[in-house]
Amino acid sequence: MEGYNYEDPIRFMAFHDMLTKLPNRNIFNDRLTMALNHAKREGFLVAVMYLDLDGFKPINDSYGHEVGDMLLKEVANRLTRCLRKEDTVARIGGDEFTILVPKADSSEHILIVARKILKVVQKPVEVKDLKLQVTTSIGIAIYPQHGSSAEILLKRADIALYRAKEQGKNNIQFYTNAQLEKRLAKKIRRRWQK
């Protein structure tokens, strides 16, 4: 085909999740690293949110992967619509998403964003004559309080996510301290050994 650039679809596939069309882990890490470099110069807060869907597995198991995929696409659309243009939503895998909030004003601002996410995700989704409802749990780590590197912030947001799950799901937890990290490190070690 004349005028068609075959490199663009390949590049897109390398940096995006093919189901949701959201950025993947590679783009997220690049944007997080850039945001941290900028924040170090300018003194901004940067928030990393790690979230997954509560109750997704039973829906996927009961109604099949096609319904599960449609639900994931709708959640991805909702997350994208409820955030600012400069924020980044990425699908990490399965029902897990990460969100980057660069240039955050305060932890209160970050909490407002997280509450907005809880609200939009829990609205019912109609898929193939089914009315489905999931909620989400969110773990948050903030630069500079909780770490200064992309890797540390992601791990600590993941630890906070586990704490949110332990607290009954459908809630938000900020990373708190090293004791929590020790207690939960075994549960998440496999995820980071990839």
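Residues numbered from 1 in each chain as written. Predicted model: local features only at pLDDT ≥ 70, side-chain atom pairs only at ≥ 80, totals over all residues. Heavy atoms only, no water.

Caption draft 1: Examining the sheet that holds strand β1 (residues 45-54) more closely. Across the sheet, which stays open at both edges, the five strands sit in the order β2-β3-β1-β6-β7 with mixed pairing between neighbours. This sheet does not close on itself; its edge strands, each paired only once, are β2 (88-93) and β7 (172-174). With direction set aside, neighbouring strand axes in the sheet form an average angle of 20°. As paired strands, β2 and strand β3 (residues 96-104) are joined by five bridges and run antiparallel to one another. Residue pairing across strands places Thr88 opposite Leu100, the latter belonging to β3. Each of β1, β2 and β3 touches helix α4 (residues 65-82); the most contacted strand, β3, lies at about 5° to it. (Pairing = 2+ DSSP bridges. Helix = DSSP H or I, 4+ residues; strand = E, 2+ residues; numbered from the N terminus. Axes fitted to C-alpha atoms, helices over the stretch in contact; angles between N-to-C directions. Contact = heavy atoms within 4.5 Å.)

Caption draft 2: The arrangement of helix α5 (residues 107-121) in detail. Between its first and last C-alpha atoms α5 spans 21 Å; for 15 residues at 1.5 Å apiece the expected length is 21 Å, and the two agree. The complete set of buried residues in α5 reads His109, Ile110, Val113, Ala114, Ile117, Leu118, Val120 and Val121. Contacts from the buried residues of α5 go to β1, α4, β3, β6 (135-143) and β7. (Expected span 1.5 Å × (residues − 1). Buried < 20%, exposed > 50% of the residue type's maximum accessible area, 1.4 Å probe, protein only.)

Caption draft 3: Looking closely at the pattern of salt bridges. Counted by the stated rule, this structure contains ten salt bridges. Among the ionic pairs, Lys57 bridges to Asp61, the shortest N-O distance being 2.7 Å. Here Lys57 and its partner Asp61 are both found in helix α3 (residues 56-63), four residues apart, which amounts to about one turn of the helix. The exposure class of Asp61 is exposed, given its relative accessible area of 52%. When the shortest N-O distance is used, the salt bridge between Asp87 and Arg84 registers 2.8 Å. Residue classification places Asp87 among the buried positions, given a relative accessible area of 9%. Overall, Arg84 belongs to the partly exposed group, its relative accessible area being 29%. Among the ionic contacts, a cluster of salt bridges with common partners joins Asp52, Asp54 and Lys165. (Salt bridge = Lys/Arg side-chain N within 4 Å of Asp/Glu carboxyl O.)

Caption draft 4: Representation of the confidence of the model for the protein chain in the model. Per-chain confidence: the protein chain averages 88 in pLDDT, with 85% of residues scoring 70 or above. Scored below 50 in pLDDT, residues 1-6 makes two contacts in the model with residues more than four places away or belonging to other chains. (pLDDT = per-residue confidence, 0-100.)

Caption draft 5: Spotlight on the nonpolar core. In this structure, Met49, Leu79, Phe97, Ile99, Ile117, Ile138 and Ile140 are the most contacted members of the largest nonpolar core, which totals 36 residues. Beyond its immediate chain neighbours, meaning those up to four positions away, Phe97 contacts Leu22, Met49, Tyr50, Leu51, Leu72, Val75, Ala76, Leu79, Val89, Ala90, Arg91 and Ile92. Counting 18 residues, the second-largest nonpolar core is a separate cluster that includes Ala35, Val46, Val48 and Ala90. (Core = buried A, V, L, I, M, F, W, Y, C linked by side-chain atoms within 4.5 Å.)

Caption draft 6: Representation of the packing of α3 against α4 within the structure. Their axes nearest at 6 Å, the elements α3 and α4 cross at an angle of 140°. In terms of orientation, α3 lies oblique with respect to α4. Facing α3, whose interface residues are Phe56, Ile59, Asn60 and Tyr63, α4 presents His65, Val67, Gly68, Leu71 and Leu72. Its residues assigned to classes, the contact of α3 with α4 comprises six nonpolar, three polar and no charged. (Parallel < 35°, antiparallel > 145°, perpendicular 65-115°, else oblique. Nonpolar A, V, L, I, M, F, W, Y, C, P; charged D, E, K, R; others polar.)

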